[in-house]
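Spelled out, the chains give:
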Amino acid sequence: MADVLSQSEVESLLAALDPSFQAAAERPAGAARPAAFGNEPVSIYDFKRPERVSKEQMRALHALHEGFSREFGANLSSLMRTIVEVKLISVDQLTYSEFVFSLENPTCFNLLHSAGLEGHVVLDLSPSIVFPILDRLLGGGKEPRRMLPNRPLTEIEKRLCGRVVGLALEGLEHAWSKLCSLRLTVAQFESNPQLVQIVPPNEVVVLISFELTFNEARGILNLCIPFNTIEPLAEKLSSDAWASYTKRVSDPRQRQHLESGLARAGVQVVAELARTTLTAGDLMNLSIGDCIVTEKDARHGLEIYVESRPLFSAFPGLYKNHKAIRIGKALRPPNSPGTS
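Residues numbered from 1 in each chain as written. Predicted model: local features only at pLDDT ≥ 70, side-chain atom pairs only at ≥ 80, totals over all residues. Heavy atoms only, no water.

Chemist: Any details on the nonpolar core? Residues and values, ideally.
Modeler: Counting residues in hydrophobic clusters, the biggest one holds 53 residues, and the most contacted among them are F72, L125, W176 and L212. The biggest single contributor to this core is helix 6 (residues 155-175), with nine residues. Residue contacts for L125: discarding those within four places in its chain leaves T107, C108, V130, C161, V164, V165, L212, I220 and L221. Residues Y96, F99, V196 and V199 belong to the second largest nonpolar core, which totals 13 residues. (Core = buried A, V, L, I, M, F, W, Y, C linked by side-chain atoms within 4.5 Å. Buried < 20%, exposed > 50% of the residue type's maximum accessible area, 1.4 Å probe, protein only. Helix = DSSP H or I, 4+ residues; strand = E, 2+ residues; numbered from the N terminus. Contact = heavy atoms within 4.5 Å.)

Below, the structure written as structure tokens:
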């Protein structure tokens, strides 16, 4: 009769045939085995927090709102007469209940209606930045406030805060202009975010957070967009079409400021009579009354150089007993088409 193998000998044989058995044998008792289907590992999926927005779409939203943060920071700085830094800090997807319970209470909770999208959008400003902004708009802000009031905004404060929200809406509409026409309006203002239910609690939303900083004040601006609201734009966000938002249309006011600034800039204008070559000896022997002969015909006039570039032909003369030149025609720049 053959010898009976011991338990350790059986495990040694199995480990020699299948290396994964050795790892299973060394695993502590009660530990879960890694899930696998055939030779492919099984990815863990949480049905409570489904990932409905792809990574490519998240990157597109991140790039989209980086432009918004710069524009909104510049406009807010102009309103408050001080430097305000707006920085995009995160773009995440989570459930609506997680977003609501992460907010302070009371807060500055603005429910926005978009005529270009189906559904609502939430814009929330934390009290840690709202009250310093209001203090600055009302003439204060010279010294940092050590204690912030823990109360809802008054009617006057809501009107002032509406100016800041209006700048944010203007920036969002401009940033999204290449994707769709948002046409945002404030549908409702609430201090308690838990009183507003725009989607089911387990519905996926995209949370875009910005950090606002000026002087020593610091706070968060949250933009919450339900996935169902932006789902019709999924293809545009997945393609490169969204990248065209960076192409800005020239603003007539900016052009006017630029033209008025350039008009006052000084430039060097030189009227060249002619050119010739002299030896050093001839130059040393020149005296008053000597004539220098050039190869240029007097009927050809002068050349006018602006910042060392020939731009016009001209003719010399007198105007009210002052030496003057009369502009003839514009010369073709050296690098223009048709020149060698």
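Chemist: Report on the sheet that holds strand 9 (residues 269-272), specifying residues and quantitative values.
Modeler: Taken in spatial order, the four strands line up as 9-10-11-12 in an open sheet, and their pairing is antiparallel. Strand pairing shows two members of the sheet lacking a second neighbour, strand 9 and strand 12 (322-330), which therefore form its edges. Each neighbouring strand pair of the sheet contributes to a mean axis angle of 40 degrees, computed without reference to strand direction. In terms of strand pairing, strand 9 meets strand 10 (residues 302-306) through four bridges, oriented antiparallel. (Pairing = 2+ DSSP bridges. Axes fitted to C-alpha atoms, helices over the stretch in contact; angles between N-to-C directions.)

Chemist: Can you tell me about empty space enclosed by the protein, naming the residues and giving the values?
Modeler: If you walk through the whole model with that rule in mind, you get three cavities of 30 Å³ or more. Estimated volume of the largest cavity: approximately 70 Å³. Lining the largest cavity, in full, are S114, L117, V121, L172, W176, L182, L184, L223 and I225. Each residue belonging to the lining of the largest cavity can be placed in one class, and the counts come to eight nonpolar, one polar and no charged. Here the second largest cavity defines a volume of roughly 60 Å³. (1 Å grid on protein atoms, 1.4 Å probe; cavity = no way out; pocket = protein on both sides within 12 Å on 5 of 7 lines; lining within 4 Å. Points joined across faces, edges and corners; volume = space filled by probe spheres on them. Nonpolar A, V, L, I, M, F, W, Y, C, P; charged D, E, K, R; others polar.)

Chemist: Would you mind going over helix 5 (residues 127-137) in detail, with residue names and values included?
Modeler: Along an α-helix, residues three or four positions apart point the same way, because every turn accommodates 3.6 residues. When we look at burial in helix 5, the residues that qualify are P127, I129, V130, F131, P132, I133 and L134. Where the residues of helix 5 are buried, they touch helix 3 (55-80), strand 4 (108-114), strand 5 (120-125), helix 6, strand 7 (204-214) and strand 8 (217-226).

Chemist: A description of the packing of helix 5 against helix 6 should follow, citing residues and the corresponding values.
Modeler: Two elements in contact, helix 5 and helix 6, have axes whose closest approach is 10 Å; the angle formed by their N-to-C orientations is 100 degrees. The angle between helix 5 and helix 6 places the two elements in the roughly perpendicular class. Residues V130, F131, I133, L134 and L137 of helix 5 form the contact with helix 6, whose own contacting residues are E157, L160, C161 and V164. Grouping the constituent residues of the contact of helix 5 with helix 6 by class yields eight nonpolar, no polar and one charged. (Parallel < 35°, antiparallel > 145°, perpendicular 65-115°, else oblique.)

Chemist: Tell me about the pairing of strand 10, and name the residues and values.
Modeler: Within strand 10, four of the five residues are buried, leaving the element largely enclosed by the surrounding structure. Bridge count between strand 10 and strand 11 (residues 309-319): five bridges; the pairing is antiparallel. Of the residues in strand 11, the one forming a bridge with V306 is R309. Taking the residues between adjacent antiparallel strands as the criterion, strand 10 and strand 11 are bridged by two residues, where E307 takes a positive phi near 50 degrees.

Chemist: Before we move on, can you summarise a nonpolar patch on the surface with the specific residues and values?
Modeler: A cluster of nonpolar side chains, namely L278, L283, L286 and I292, defines an oily patch on the protein surface of about 360 Å² accessible area. Topologically, L283 is positioned in helix 10 (residues 280-284). On the basis of relative accessible area, L283 is assigned to the exposed category, the value being 54%. (Patch = residues over 30% accessible without salt bridge, like charges linked within 9 Å, V, L, I, M, F, W, Y side chains within 5 Å. Areas by Shrake-Rupley, 256 points an atom, 1.4 Å probe, with all protein chains shown as cover. Salt bridge = Lys/Arg side-chain N within 4 Å of Asp/Glu carboxyl O.)

Chemist: So what's going on with the side chain of E157? Residues and values would help.
Modeler: In this structure, E157 sits in helix 6. Separated by 3.0 Å, the side chain of E157 and the backbone nitrogen of T154 make a polar contact. Sequence-distant contacts of E157, defined by excluding residues within four places in its chain, comprise F131, L134, R151 and P152. (Polar contact = N/O pair within 3.5 Å; in protein donor to acceptor, adjacent residues only side chain to side chain.)

This is a description of form; function is not addressed.
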